[in-house]
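The chain contents come next:
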Amino acid sequence: MFRNSVGPFKYFTGVESLAQIATRDDRVCVLNILGGESSDVTPVGHAWSGGNVVFGTSPGRRGQVLETPQGDIPVYNNVREGLEAGHRFNCGVVYLPPSAADDGVVELIRVNPELTKIFIPTEKMSVHDAREIRAMAQARGIDIFGGNSLGVADSWNQVRIGGALGGDKPGDTLRKGSVAILSNSGGFTTTIAQYLRMGGWGTTTLVSSGKDVYIHYAAPEFAFALGNDARSQAAVLYCEPGGYYELDAEFTKPVVACVVGRWKSKLTRAVGHAGAMSGGGDDAQSKERWFMDKFGVDALFSPERPVCSAKGAVVTNIAHIPAALSAVMAKNGVQPDFAPEGTMELKPWFGSNMGLALPPELDLPVVRAVPPYDTQVDALARQVGAVFARETLKDASGASQMDPKTQVTRLNGVTMLDAAQFSLEGNVGLALLKEPGGENDRKLVNVAIGAFLNLHGDATLAAAQAAREAGNAPNAVLTAALAIVGPRRTERSRAIARELIERFAAAGLRDALDESFDTSALREAGGASLLAREPDPRAQAMLAGLHERGARSVFVRFVESLGGHPSADAVLAAVTTTLAWGPLMRKRVSRLTVECLPAWMQLFGTLLGASVDASRHQPTRFCGIAEADLLGKRSLGEVAYHALLHAAPGASELFGFQTLVGLLLSNGPGTISAQGAKGAVSSDGPEQPERVQLNKGLIGFLSHCGYAHGGNGYEGVAFLLDQFKDTGLVDPGSAAHGVDVDALAARYVETYARYKADKKNSGNLDIQKIPGVNHPVFKDKPVNHDPREVFVAELMAQRGEHNVFHDFYRAVVQKLYDEGVSRNVYCVNIDAVIAALLLKLVWPAYRSGAIGADALETAAFTIFLYARMLGCAAEVDDHLNRGRNMDTRAAASACRFVA
């Protein structure tokens, strides 16, 4: 069919046919045979090739051996020793670093006159060294393959030399056929062979040419040998940018050229394999044109537009190679070597769309796994929820991370800037379930936490009030209350949650809001553990609140259908399991997380409730809000605002409050508060999660807050109060606030400039910083911005919200520059934003005298605690699921004694 003989090559090549590249008669010596790469791949190739490696070298290791399935390979100090021991070889493989590879080649050539082929896996040899060994090899009649090559293989001869072609089981990929392969990429040489096999095409000889700047056995040599190989009816070339080798190749048989790397043409420096850069004439698109000219085609081949000729086709995706080859060979009247064996398309054994509706081309069908993996996948399918690998989590977290460049923290993948736009109850879901949920979820959270806000007659309130009256800071007050909410208070609801998960997972429930789901069989199986002997007031109030809100839940419906008197623990567990069911089924959260969720709701409710004075807890009212209103109408954000600031919020106030909470959720695992929470879990021992006290985790967070971390938000508020005290400001949210902000900023900057000058003149350089101004990361530009501050400013502007305090801060940084006090325009940082938002909320009450400076400081601290309790709960849950016992401790070697 095709001409199998071409004339002599233009310069020396000992290999005249591809059939001569790797034969059963070849005998191999491997330099640095005990090195990391060689010791992995040589035993496999040696065994598959029937034992073709006669010896190897490794200086100083004479007498050692490399064990292989085909027998031990002896090791000598150098090549001469191996020859003197009676071994003979014609192929050398050089596993040496770039600086030594040329010495290895020289050694092989000088001491072994029988040498005919050298294979160099070494990457990034210098061009100087490559040219030297090329000249020496040409003079001695020796062929070189490489560098940066994964060697060669021959499917007909079942031989592999100098690399890893075919992987750990070459016979699974390298099936005898009629197609030769030349590839710049070693890994893709094997991949292409597998693609061809799936398409019905076997292989003859495979050559990994490498992609160093200097390629010794390249496309011209390959094309020559291809023309003389009667076994090879066609070839596949995988080409990367760089070099003109392909342009010089003269093919006499059909070729499919896969050209990749268009993106490299935009680069101004090399990456990865040596490749063309911007401005070269050997980029990917140039090579595409070379091949199209050779084949007489005017476009690339694709399944949608199969452009090809009898000479060949050009593709840019290796997945298109089998179809292109079949099309080209069909024009030559040649059929595939054997029946196609399948496809290389992704065949997932399991999957989850995470609740997303994907288009058909992305929604890959799940297929049954091959044995023995099928039984393992079945077991995974039966597993409820995620299971996380345990690891040391000192200064690490799977819940939060801060971007050091932008200083923006993410909690469970959501930035605090986005979280600032969620409701308080939405951020409860984000913290523990990794997603803020929808409207129904917010209704459930409002009831679950709202049921535990009123602490009238409870020991938690007594403990908190005693701590408050003793003069403790807000964090210490809340610590006293949470110490009462120990494991025994929450164990019943957690046990019921565990039971509900077990029963409903076995029943096949996928959607916790499925009103058509039949619970009759579950009801018949009994539910005595979910019922109380007498009517439970809290359970009744929760159910009434759920009905009033129109909340939906299969679990709540099941509890109500049991007859008798549902317990508050059962209703709480039903609510929290509904909340978590979606993330649990999608394996976003673990079963352990869901079982702990009832306890978290109790803890959050207690913390919020204990933050207000005992006098505001009454038998059926909390902060003046009736129980029915609390559970049936008010949002958690509204209640928290009312509790803290003694007034019902309007829409603008509520949004500002929720923005504050979202911004303060987390600042990454390195914060003192997060370290306290993680340390509490670590010391309890998360590897035995049933022993970890969740309330203790929150106490760890609370004990690591204080006036420098948490209460420091008041510094910005105090600064603003001092600046605005005589302005007569009535409404800081009005565009017509009546304050000359520029004049106010100028007056302050003038005072600050004198203060700073006096300090310098006196030799005292301990100059007080302006709260909320400048940042150690966002500095040194002519005009600096904290991206978090910019985000909030733009968000408020989109909503038509005004804040004179924020405006003042922006005026101050500009005036500091204008008056020469600063060398550039400082940024207004996120602390200033928080102070401005908070003061805007409390200004009416402060101006009227309803709250004083002390109460304002407490409010600033408490808002921080409201927010950070959620972020630290996420850290506790993460550490509980992933951490190891005592993993937050510092090694003794990392500690130092200070005299």
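Please read all numbers here as calculations on a predicted model, not as lab measurements.

(A) Geometry of the overall build of the protein chain. In terms of helices and strands, the protein chain carries 33 helices and 22 strands. Its C-alpha atoms give the protein chain a radius of gyration of 37 Å, more than 25% over the compact-globule value 29 Å for 899 residues. Along the first, second and third principal axes, the C-alpha atoms of the protein chain reach 105 × 85 × 65 Å. Burial statistics for the protein chain: of 899 residues in total, 54% are counted as buried. For the protein chain, the share of sequence-separated contacts (at least 6 apart) that also reach a separation of at least 24 residues comes to 73%. Put simply, the protein chain shows about 38500 Å² of open surface, and 50% of that area lies on carbon and sulfur atoms. Here the protein chain carries 88 positive and 96 negative side-chain charges, and the mean point of each set is 2 Å from the other.

(B) The arrangement of the sheet that holds strand β16 (residues 409-411) in detail. The strand order across the open sheet formed by three strands is β15-β16-β17, and the pairing between neighbours is antiparallel. What marks the edges here is a single partner per strand, and that holds for β15 (400-402) and β17 (414-415). The pairing of β16 with β17 spans two bridges and is classified as antiparallel. Looking at β17, one finds that arginine 410 is bridged to threonine 415.

(C) Structural detail: the environment of arginine 588. Relative to the assigned elements, arginine 588 resides in the loop between α21 (568-585) and α22 (591-610). Take arginine 588: its relative accessible area is 25%, and that puts it in the partly exposed class. With 38 residues separating them in the primary sequence, arginine 588 and alanine 626 have C-alpha atoms 37 Å apart. There is a polar contact of 3.4 Å between the side chain of arginine 588 and the side chain of glutamate 435.

(D) Seen up close, the nonpolar core. The biggest cluster of nonpolar side chains holds 169 residues, and the ones touching the most others in it are Phe504, Trp600, Phe604, Phe724 and Phe808. Ranked by the residues each element gives to this core, the list is headed by helix α33 (residues 853-882), at 16 residues. Leave out the neighbours within four places in its chain, and phenylalanine 604 touches Val428, Leu432, Ile449, Leu698, Met869, Leu870 and Ala873. Of all hydrophobic cores here, the second largest spans 46 residues; its members include Leu18, Val93, Phe145 and Ala235.

(E) Focus on the confidence of the model for the protein chain. The share of residues in the protein chain with pLDDT of 70 or more is 97%, and the mean pLDDT across the chain is 93. Here residues 268-278 scores under 50 on pLDDT; set against residues more than four positions off or in separate chains, the count is 29 contacts.

(F) Region of the structure containing the pattern of salt bridges. Considering all chains together, one arrives at 31 salt bridges under this definition. In this structure, glutamate 341 and arginine 175 form a salt bridge, with 2.4 Å as the shortest nitrogen-oxygen distance. Residue glutamate 341 is found in the loop between α10 (321-331) and α11 (373-382), and its partner arginine 175 is found in the loop between α5 (170-173) and β10 (176-183); the two are separated by 166 residues along the sequence. When the shortest N-O distance is used, the salt bridge between arginine 810 and glutamate 789 registers 2.7 Å. In this pair, arginine 810 sits in helix α31 (residues 804-818) while glutamate 789 sits in helix α30 (residues 787-798), placing the two residues 21 residues apart along the sequence. Through salt bridges with shared partners, a single network forms among Arg498, Glu502, Arg591 and Glu595.

(G) Layout of the sheet that holds strand β1 (residues 28-31). Read from one edge to the other, the open sheet built from seven strands follows the order β3-β4-β2-β1-β5-β6-β7, with strand pairing classed as mixed. Each edge of the open sheet carries a strand with a single partner, namely β3 (65-66) and β7 (143-146). Both strand β2 (residues 53-57) and strand β4 (residues 73-76) contribute to a ladder of two bridges, which runs parallel. Paired with threonine 57 across the strands is tyrosine 76, a residue of β4.

(H) Highlighting the packing of helix α3 (residues 98-111) against helix α4 (residues 127-140). One can describe the packing of α3 onto α4 by two numbers: an axis separation of 10 Å at closest approach and a directional angle of 10°. With respect to α4, the element α3 is oriented roughly parallel. Facing Pro98, Asp102, Val105, Val106 and Ile109 of α3, the residues of α4 in contact are Asp129, Ile133, Met136, Ala137 and Arg140. When grouped by side-chain class, the residues that make up the contact of α3 with α4 number seven nonpolar, no polar and three charged.

(I) Looking closely at the side chain of lysine 756. Here lysine 756 is to be found in helix α29 (residues 741-761). Despite its burial, lysine 756 pairs with no opposite charge; the closest candidate is aspartate 766, at 12 Å N-O. Those residues in contact with lysine 756 that lie beyond four places of it in its chain are Ile767 and Val821.

(J) Structural detail: the packing of aromatic side chains. Counting across every chain of the model gives 26 aromatic pairs. Seen from their ring centres, phenylalanine 55 and tyrosine 76 are 5.5 Å apart, and the 85° between their planes marks the pair as edge-to-face. Taken together, the residues phenylalanine 55 in strand β2 and tyrosine 76 in strand β4 connect sequence positions 21 residues apart. By the burial criterion, phenylalanine 55 is buried, and tyrosine 76 matches it. Site record: aromatic cluster; members linked through ring pairs are Phe719, Phe724, Tyr748, Tyr752, Tyr755, Phe805, Phe808, Tyr809, Trp843 and Tyr846. Sitting above the plane of the phenylalanine 655 ring, arginine 799 keeps its charged end 3.6 Å from the centroid.

Here is what the cut-offs are and how they apply
- Residues numbered from 1 in each chain as written.
- Predicted model: local features only at pLDDT ≥ 70, side-chain atom pairs only at ≥ 80, totals over all residues.
- Heavy atoms only, no water.
- Helix = DSSP H or I, 4+ residues; strand = E, 2+ residues; numbered from the N terminus.
- Rg over C-alpha atoms; globule rule 2.2 N^0.38 Å.
- Buried < 20%, exposed > 50% of the residue type's maximum accessible area, 1.4 Å probe, protein only.
- Contact = heavy atoms within 4.5 Å.
- Areas by Shrake-Rupley, 256 points an atom, 1.4 Å probe, with all protein chains shown as cover.
- Lys, Arg positive; Asp, Glu negative; His and termini not counted.
- Charge placed at Lys NZ, Arg CZ, Asp CG, Glu CD.
- Pairing = 2+ DSSP bridges.
- Polar contact = N/O pair within 3.5 Å; in protein donor to acceptor, adjacent residues only side chain to side chain.
- Core = buried A, V, L, I, M, F, W, Y, C linked by side-chain atoms within 4.5 Å.
- pLDDT = per-residue confidence, 0-100.
- Salt bridge = Lys/Arg side-chain N within 4 Å of Asp/Glu carboxyl O.
- Axes fitted to C-alpha atoms, helices over the stretch in contact; angles between N-to-C directions.
- Parallel < 35°, antiparallel > 145°, perpendicular 65-115°, else oblique.
- Nonpolar A, V, L, I, M, F, W, Y, C, P; charged D, E, K, R; others polar.
- Phe/Tyr/Trp six-rings, centres within 6.5 Å; stacked < 30°, edge-to-face > 60°.
- Lys NZ or Arg CZ within 6 Å of the ring centre and 35° of its normal.

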